[in-house]
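Read off the chains here:
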Amino acid sequence: MAGSVRDLPAPWRDEPYLVMCHGRSTVAVAWHDDDALVVLLEGSGRDPGVIGVGDADAVGRLLDGAVTALGPARWATLPRGSWEAAADGTRAAFPGWEAANSWDCMWTDRPLVGISDHAVERLPAGVERVDAEIAEALDRAHPTASTRPGDPRLEGWWAVREEGRLVAVVGAIRFAPGLAPHLVSLGVDPAHRGRGLAGAVLAAAVSDGLLAPTLVGPPMVGLGLYAANDVARQVYVRHGFVLGHRFDSRPAHRD
Ligand SMILES: CC(C)(COP(=O)(O)OP(=O)(O)OC[C@H]1O[C@@H](n2cnc3c(N)ncnc32)[C@H](O)[C@@H]1OP(=O)(O)O)[C@@H](O)C(=O)NCCC(=O)NCCS
């Protein structure tokens, strides 16, 4: 079809994950029914890839019908269980894709709830002194955070400072200009966990993010987390994020 996500038929054209994360990419081909959608995406700044949303079994069936056209795909992000639901021959067409990263996609279109009262600082991205301070805080609070200061997609940071040190931080990126903000690298210093500081920085980032203009889709704020991170998922759900998708991405990163 060679259009954008916004050219897909309803309800898929409004699907929040597609709009927030891939709203500026090119949909080369799409397969859909009432229960599921599979797209071959290009032009997202990375190699072509497959995305599926909807019912896992239905995505598996769509993959079976699409497999000959999916040759250019170098990665896939699919509802958990859909790879296993696809036919053996479909899976065999993608050697090396057996191992997956399991992650959850969440979003909100409204201010967070249940937030305790902590002063939150807004810090700019790309300022050397700030970057050094955030990096030092992440080393304590979330040493494996995948988005570090210096990433050109970063738009800013939200943080709680106590006794001169940052003890809770979260950043925001956009996957492409005009898309909704996506929160990254949430971390709370282990000595300050359990006090609601994650909620405080998240709430400030969300309220600013909902006011930030988007060119594609309505105001939203999204995030992703590893599926095994039960503590983080509970924090996000408690404060009002919607658990939108449980995805497996392939091939898994092995770093
Ligand atoms: C996930 C995280 C940001 C939560 O931050 P937080 O400010 O402690 O969040 P909360 O205060 O809401 O507490 C959340 C849960 O942490 C647990 N907790 C409470 N005290 C704790 C402590 N001293 N140490 C560790 N965890 C504690 C509890 O399960 C609590 O849930 P509860 O409110 O039902 O008791 C924090 O644990 C963290 O930085 N983890 C490592 C990095 C990470 O996983 N980031 C998220 C990536 S998606």
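Note: the structure precedes this text.
Residues numbered from 1 in each chain as written. Predicted model: local features only at pLDDT ≥ 70, side-chain atom pairs only at ≥ 80, totals over all residues. Heavy atoms only, no water.

Asks: Got a sec to walk through the pattern of salt bridges? Specific residues and values, please.
Replies: A complete count under the given rule lists 21 salt bridges for this structure. Between Arg 13 and Asp 14 there is a salt bridge, and its shortest N-O distance comes to 3.5 Å. Asp 14 gets classed as partly exposed once you look at its relative accessible area, which sits at 43%. Close ionic contact of Asp 189 with Arg 140 constitutes a salt bridge, the shortest N to O distance being 2.7 Å. Of this pair, Asp 189 sits in the loop between β9 (182-188) and α6 (197-211) while Arg 140 sits in helix α5 (residues 128-141); the two residues are 49 residues apart in sequence, bridging distant segments of the chain. Grouping residues by exposure puts Asp 189 and Arg 140 together as buried. (Salt bridge = Lys/Arg side-chain N within 4 Å of Asp/Glu carboxyl O. Buried < 20%, exposed > 50% of the residue type's maximum accessible area, 1.4 Å probe, protein only. Helix = DSSP H or I, 4+ residues; strand = E, 2+ residues; numbered from the N terminus.)

Asks: Can you explain the packing of aromatic side chains? Please cite residues and give values.
Replies: Enumeration over the complete set of coordinates arrives at 7 aromatic pairs. Seen from their ring centres, Tyr 17 and Trp 103 are 6.1 Å apart, and the 65° between their planes marks the pair as edge-to-face. Of this pair, Tyr 17 sits in helix α1 (residues 16-22) while Trp 103 sits in strand β5 (residues 101-108), placing them 86 residues apart in sequence. What makes Tyr 17 buried here is its relative accessible area of 3%. By relative accessible area, Trp 103 is classed as buried at 17%. Considering the side-chain rings of Phe 94 and Trp 97, the 4.4 Å spacing of their centres and the 15° angle between planes classify their relative orientation as stacked. (Phe/Tyr/Trp six-rings, centres within 6.5 Å; stacked < 30°, edge-to-face > 60°.)

Asks: Run through the pairing of strand β2 (residues 36-42), naming residues and quoting values.
Replies: The buried fraction of β2 amounts to 6 of the 7 residues, a majority that puts the element mostly inside the structure. Alignment of strand β1 (residues 26-32) against β2, held across 6 bridges, turns out to be antiparallel. Bridge assignment links Ala 30 to a residue of β2, and that residue is Val 39. Between β1 and β2, which pair antiparallel one after the other, the connecting turn spans 3 residues. Here β2 runs beside strand β3 (residues 49-54); their pairing, made up of 6 bridges, is antiparallel. Looking at β3, one finds that Val 39 is bridged to Ile 51. (Pairing = 2+ DSSP bridges.)

Asks: For the environment of Met 106, give the residues involved together with the corresponding values.
Replies: Inspection of the secondary structure assignment puts Met 106 in strand β5. Through-space distance from the C-alpha of Met 106 to that of Glu 42 is 23 Å; in sequence the pair is 64 residues apart. The residues touching Met 106, leaving out its near neighbours within four places in the chain, are Met 20, Val 221, Gly 222, Leu 223, Leu 225, Arg 233, Tyr 236, Val 237, Phe 241, Val 242, Leu 243 and Gly 244. (Contact = heavy atoms within 4.5 Å.)

Asks: Go over the side chain of His 22, please, and point to the residues and values.
Replies: Among the structural elements, His 22 can be located in helix α1. Not counting residues within four places of it along the chain, the set of residues in contact with His 22 comprises Val 5, Tyr 17, Leu 41, Ile 51, Trp 75 and Leu 179.

Asks: I'd like a rundown of the state of the cysteines, residues and numbers included.
Replies: Tallied over the full model, the rule gives 0 disulfides. Not part of a disulfide, Cys 21 finds its nearest cysteine sulfur in Cys 105, a span of 5.6 Å. Note on Cys 21: relative accessible area 11%, which makes it buried. (Disulfide = S-S within 2.5 Å.)

Asks: How would you sum up the sheet that holds strand β10 (residues 221-226)? Please name residues and give values.
Replies: Across the sheet, 11 strands lie side by side as β1-β2-β3-β4-β11-β5-β10-β9-β8-β7-β6; this open sheet has mixed pairing. Across the chains shown, the open sheet's two edge strands, defined by having one partner strand only, are β1 and β6 (121-123). Across the sheet, the axes of successive neighbouring strands diverge by a mean angle of 30°, strand direction being ignored. Pairing of β6 with strand β7 (residues 154-162), which is carried by 3 bridges, proceeds in the antiparallel orientation. Bridging from a neighbouring strand, Leu 123 pairs with Trp 157 of β7. (Axes fitted to C-alpha atoms, helices over the stretch in contact; angles between N-to-C directions.)

Asks: Explain the site of the ligand to me, using residue names and the numbers behind them.
Replies: Close to the ligand lie 18 residues; Leu 186, Val 188, Gly 194, Gly 196 and Asn 229 are nearest. Contact between the ligand and Leu 186: a nitrogen atom at 2.8 Å from a main-chain N or O atom of the residue. Between an oxygen atom of the ligand and a main-chain N or O atom of Gly 196, the distance comes to 2.7 Å. A total of 920 Å² of accessible area belongs to the ligand in isolation, and the protein chains cover 66% of it. Looking at the shell around the ligand, the elements that each hand over two or more residues are β9, α6 and α7 (230-238). At 5 residues, α7 tops the list of elements feeding residues into the shell around the ligand. (Near = heavy atom within 4 Å. Polar contact = N/O pair within 3.5 Å; in protein donor to acceptor, adjacent residues only side chain to side chain. Areas by Shrake-Rupley, 256 points an atom, 1.4 Å probe, with all protein chains shown as cover.)

Shape is all these values report; function is a separate question.
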